[in-house]
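Residue-level structural notes
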Amino acid sequence: MAYVVALNFPSGNDLTQMRMGLPLLTQVERQDGERKKEYTLTAREVGMQSARAYAGALPAGRYRFPGSDRRDVPEFVVESGKITLLGNLANSSNFDAERRVIERWGWEDVPDAQVASRVVGELFPQLAHLPQRVGWATAESSHVGRDKLAELKENSAGLYQPTHFYGDGFAFGSQLGVVKLWSLRLGAMALIDTGSMFAIRSVLAEPDGRMLAGGEAGTLRYSGDGGATWKDASSRLPYGAIAQIVRGGDGQAVLALQTSEGVSVYRGPFDGSAWQRLADFPAKFATWTGIPGVMPELFVRADDLIVSLPSRKAAHIRLDSGETRLFDLPGAIQSISLGGDGVLRCRCARSIAVNPWESRDLGRTWQPSQISRYLSLPRLKGDGQGFAYGATSLSAKDAGIWATHDGGANWKNVYGRVMNGVWTTAYSADGSLMLLAGAESLGLSAVRERAIVSREDGKTWFQIGERRGVLRKPYMELLGP
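Residues numbered from 1 in each chain as written. Predicted model: local features only at pLDDT ≥ 70, side-chain atom pairs only at ≥ 80, totals over all residues. Heavy atoms only, no water.

Details of the sheet that holds strand β30 (residues 367–368)
Operational definition: Pairing between strands is defined by DSSP: at least two bridges between them are needed. The helix count covers DSSP runs of H or I at least four residues long, the strand count covers runs of E at least two residues long, and both are numbered beginning at the N terminus.
Pairing within the open sheet is antiparallel, and its four strands lie in the order β27-β28-β29-β30. Of all strands in the sheet, those with a lone pairing partner are β27 (332–338) and β30, marking the two edges.

Right under this line is the structure:
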């Protein structure tokens, strides 16, 4: 028997990061002349979110992926006693004008050897010692795969974890190794290809051109020239999923890494040359009240770092002294935030119902919040201004955008449009812009990427979905230092 290892991306444009999977391979031609037969591969998801790594033992022969909609994906050969490394396959599904599903595929002609070695070693260690056969059956189709990948990257979906970009903009993670940048001066959404094929969950982009982008499968990429070139910054870190990256003071970054063992927090320079582990935490899921899929989050205010852990725990780390305190939450986390007013808030489930809670002493004590349980956690600035949103699916009465000018004591509905979907809220660094970004529900299982911004306390909003395409030069040349 021989082995094949493939990294599959069934969600190149999937806003909800649902795993769909491609577990079946169909043999096209066997060296011993036997008839075609289907084989099932084993999927591994450790360190993954929207991707899967596949491996299986197959008789030597020639294979392809099944289904008429995948006939443009080339065939590959499995040789006895070797691993066939296919690298990454990317997929996106869209609807045409008649609501028919249109599937598009792209693939790497030659897998990244460093990525392949790390994934095989971590997820399929029993195969790591075997010699490798790299790539597809024929070289003629390689340029087709590259062209298709480029097209998929230009249409990459996702507006994950917005962070500050200059004073009046935001940087987002996205699928297929793409980073998205927007600001008022830029005018449209600019895309930057990090060179990875994995989903980017979090990114920092500085005016001096330093960028750090992290995501699934241990992906951590650094650029010192505004995205023109990239290098790996993960070599000193364990394998896992980079859940979030935040600015940690003194020009350094702080990141949360979720592994099979728990959650680890690291601090270091953007280029990854000296990561310092601040703390390790176990991630114990609460079987009856835990909410699946919730990732760790980081919040920084001065020298205080709050780390939310999956299920019912969080931690407080002092960045100046390294002192760490683990504390209980009032229930299982659905969402959590640390406001500009210094108040820690969560939507937590003590039993079945999810309710808002708040703590004014960084998690030592908790009290029920006065904000409606049908609204999102509020996004508050230090001057008492803030906003939250409500979805029609939860409460028609509370649907829309709500604003406060007194730190949350009083709220007013300032924008009554339907807001069904999964949204992230943020203020720009200069406090002049309110952002609502994420996936808008269009009914049934259909969603679309959407980001809207307000400059008038939430009363009027405009969309920022227009794209410039993938940038071919550093963003500083467009925006200046």
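Considerations on the side chain of serine 196
Threshold: The definition of a polar contact used here is a pair of N or O atoms within 3.5 Å, where within protein one atom must be able to donate a hydrogen and the other to accept one, and adjacent residues in sequence count solely through side-chain atom pairs.
Secondary-structure assignment places serine 196 in the loop between β14 (189–193) and β15 (200–205). From its side chain, serine 196 meets the backbone nitrogen of phenylalanine 198 in a polar contact 3.0 Å long.

Here we look at the sheet that holds strand β22 (residues 276–282)
Condition: Lines fitted to C-alpha atoms define the axes, with helix axes restricted to the stretch in contact, and inter-axis angles between N-to-C directions lie between 0 and 180 degrees.
The four strands lie next to each other as β19-β20-β21-β22, forming an open sheet whose pairing is antiparallel. Only two strands of the sheet have a single partner each, and these edge strands are β19 (241–247) and β22. Across the sheet, the axes of successive neighbouring strands diverge by a mean angle of 20°, strand direction being ignored. The pairing of strand β21 (residues 262–269) with β22 spans six bridges and is antiparallel. Along β22, the bridge assignment pairs tyrosine 266 with arginine 277.

Points about the packing of aromatic side chains
As a reminder of what qualifies: We call Phe, Tyr and Trp rings a pair once their centres come within 6.5 Å, taking the six-membered ring for Trp, and we label the pair stacked below 30 degrees between planes, edge-to-face above 60, and tilted otherwise. To sort residues, take the accessible area from a 1.4 Å probe on protein chains only and compare it with the maximum for the residue type: under 20% means buried, over 50% means exposed, and anything in between is partly exposed. By definition, being over a ring means that NZ of Lys or CZ of Arg is both within 6 Å of the ring centre and within 35 degrees of the ring normal.
The final tally for this structure, using the stated rule, is twelve aromatic pairs. Relative to tyrosine 427, the ring of phenylalanine 387 lies with its centre 5.3 Å away and its plane at 90°, an arrangement referred to as edge-to-face. One end of the pair, phenylalanine 387, is in strand β32 (residues 386–390); the other, tyrosine 427, is in strand β35 (residues 421–427), with 40 residues separating them in the sequence. Per residue, the accessibility class of phenylalanine 387 equals that of tyrosine 427, and both read buried. Three or more aromatic residues joined by ring pairs form one cluster here, namely Tyr63, Phe76, Trp107 and Trp136. The aromatic ring of tyrosine 374 is capped on one face by arginine 373, whose charged end is 5.3 Å from the ring centroid.

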